Amino acid sequence: PALFQMSGSQPQLGRGVPCLRCRGTCTGFEPHSWRKICKSCKCSQEEHSLSSELEDDRKIGRLLADSKYSTLTARLKGGDGIRIYKRNRMIVTNPNISGKDPTFDTITYEWAPPGLAQKLAMQYMELMPPELQPVAGTDGALQRRRRLARQLPLYDQDPARCRGLAEGEQGLMEEFVKKYKAEALGVGEVALPGQGGSGKDEGKPQDKSIEPSKAPESPNGALEGTPAAGHYRCETCKQAVPGDCPVVYANHAGYARQWHPACFVCCHCSEPLVDLIYFWKGGAPWCGRHYCESLRPRCAGCDEIIFSEDYQQAEGLAWHKKHFACLECETPLAGKPFCLANTSLLCTICSQSKRL
């Protein structure tokens, strides 16, 4: 059978886990040669199975290494030298007194904001919708890992994972990654209002592309909602933030701005930013996927960033020239008639057969 190399893993047999979306109609993941989809059912790899937690932590470790956030990573003893993400898990034990003899219920969060006392970390979690709380064994934990796969694809940071790079383009991608790590990459900080950055702005200039949220003036002319008044407002929803509830700070924004935990989302797709990892541009946080797409086109065929200036475009989408091919029969379509349904590129023959 075909082999598929997952990030940081040993090769996996091609026909493995049945597709969750197809609900059993697909017998297992049959990898395409260069697309990030199953050759059989055309669903993404994450619809079949996600990479392991260790692979996820290696991916985030690689992203944060060589950046100001490298303190969130560590080298594994006896490892291959690659830094791994020190993901903060949180275990909460609560007494259960409903029975005759008291017992204890243990809840494990697959991720929690680092560097916080458990009480504040729990406050943060309780401010998130239940379906977004990454409790082990729940859909919230699964959705966190799916967001990680979507927002931070490994091939957006590692040229060795790319199939679309042409000769001479590896250096362009390396510079692209180096630049976004230095200028845009950030990890949100959780603190009580007014206490972000150790309670001060640390002398850093704020991003002036968006003015900090201000509350209306009170009858006496003073601004309500200013730090002096003890009130704060969320940058996304503009609603007041209680002084005893944790908020998220983004150091690229300056510490005069804060977000409700559930409001710290990508400005493009509105998805919660996985593990508070963001990319700052235009006065707002972006997820990694859409930040990269805002700078360079993404190939609708292989899902990788395009570094060539010579690529194919149609109806607002882009393709590497070698990937402008029919999704079904792989016939190259440059200069030929084609049909485009959503992002599915089909030759006229395959399009007609699908309609029959």
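Everything below is about the structure printed above this text.
Criteria and thresholds
- Residues numbered from 1 in each chain as written.
- Predicted model: local features only at pLDDT ≥ 70, side-chain atom pairs only at ≥ 80, totals over all residues.
- Heavy atoms only, no water.
- Disulfide = S-S within 2.5 Å.
- Buried < 20%, exposed > 50% of the residue type's maximum accessible area, 1.4 Å probe, protein only.
- Salt bridge = Lys/Arg side-chain N within 4 Å of Asp/Glu carboxyl O.
- Helix = DSSP H or I, 4+ residues; strand = E, 2+ residues; numbered from the N terminus.
- Phe/Tyr/Trp six-rings, centres within 6.5 Å; stacked < 30°, edge-to-face > 60°.
- Lys NZ or Arg CZ within 6 Å of the ring centre and 35° of its normal.

Novice: Hey, could you run me through the state of the cysteines in this one?
Specialist: Such a bond, covalent and formed between the sulfur atoms of two cysteines, is termed a disulfide. Counted under the stated rule, the structure contains zero disulfides. Cysteine cysteine 237 shares no disulfide, and the gap to the nearest cysteine sulfur, in cysteine 234, comes to 3.8 Å. Residue cysteine 237 is classed as partly exposed on the basis of its relative accessible area of 30%. Cysteine 347 takes part in no disulfide bond, and the closest cysteine sulfur, belonging to cysteine 350, lies 3.5 Å away.

Novice: Can you walk me through the pattern of salt bridges in this structure?
Specialist: Opposite charge on two side chains permits pairing when their charged atoms draw close. Under the definition given, this model contains 21 salt bridges. One salt bridge connects arginine 144 with aspartate 275, and the closest N-O pair in it is separated by 2.9 Å. Separated by 131 residues along the polypeptide, arginine 144 in helix 3 (residues 139–151) and aspartate 275 in the loop between strand 11 (247–249) and strand 12 (277–281) bring together distant segments of the chain. Residue arginine 144 is classed as buried on the basis of its relative accessible area, which comes to 4%. A salt bridge links arginine 161 to aspartate 158; its shortest N-O distance comes to 3.9 Å. Given a relative accessible area of 28%, arginine 161 falls into the partly exposed group. On the basis of relative accessibility, which here comes to 9%, the residue aspartate 158 falls in the buried class.

Novice: Can you help me understand the packing of aromatic side chains in this one?
Specialist: Two measures describe an aromatic ring pair: the distance that separates the ring centres and the angle between the ring planes. Under the criterion given, the structure shown has 13 aromatic pairs. Judged by centre distance (5.6 Å) and plane angle (50°), the ring pair of tyrosine 249 and tyrosine 255 falls under tilted. Each member of the pair, tyrosine 249 as well as tyrosine 255, is classed as buried. Ring geometry for tryptophan 319 and phenylalanine 324: centres 5.1 Å apart, planes at 75°, overall edge-to-face. Phenylalanine 324 matches tryptophan 319 in its accessibility class, with the two residues each being buried. An aromatic cluster is present here, built from Phe176, Tyr180, Phe279, Tyr291 and Phe307 joined pairwise through their rings. Sitting over the ring of tyrosine 155, lysine 36 keeps its end group 4.6 Å from the ring centre. Above the ring of tryptophan 286, the side-chain terminus of lysine 281 is found at 5.6 Å from the ring centroid.

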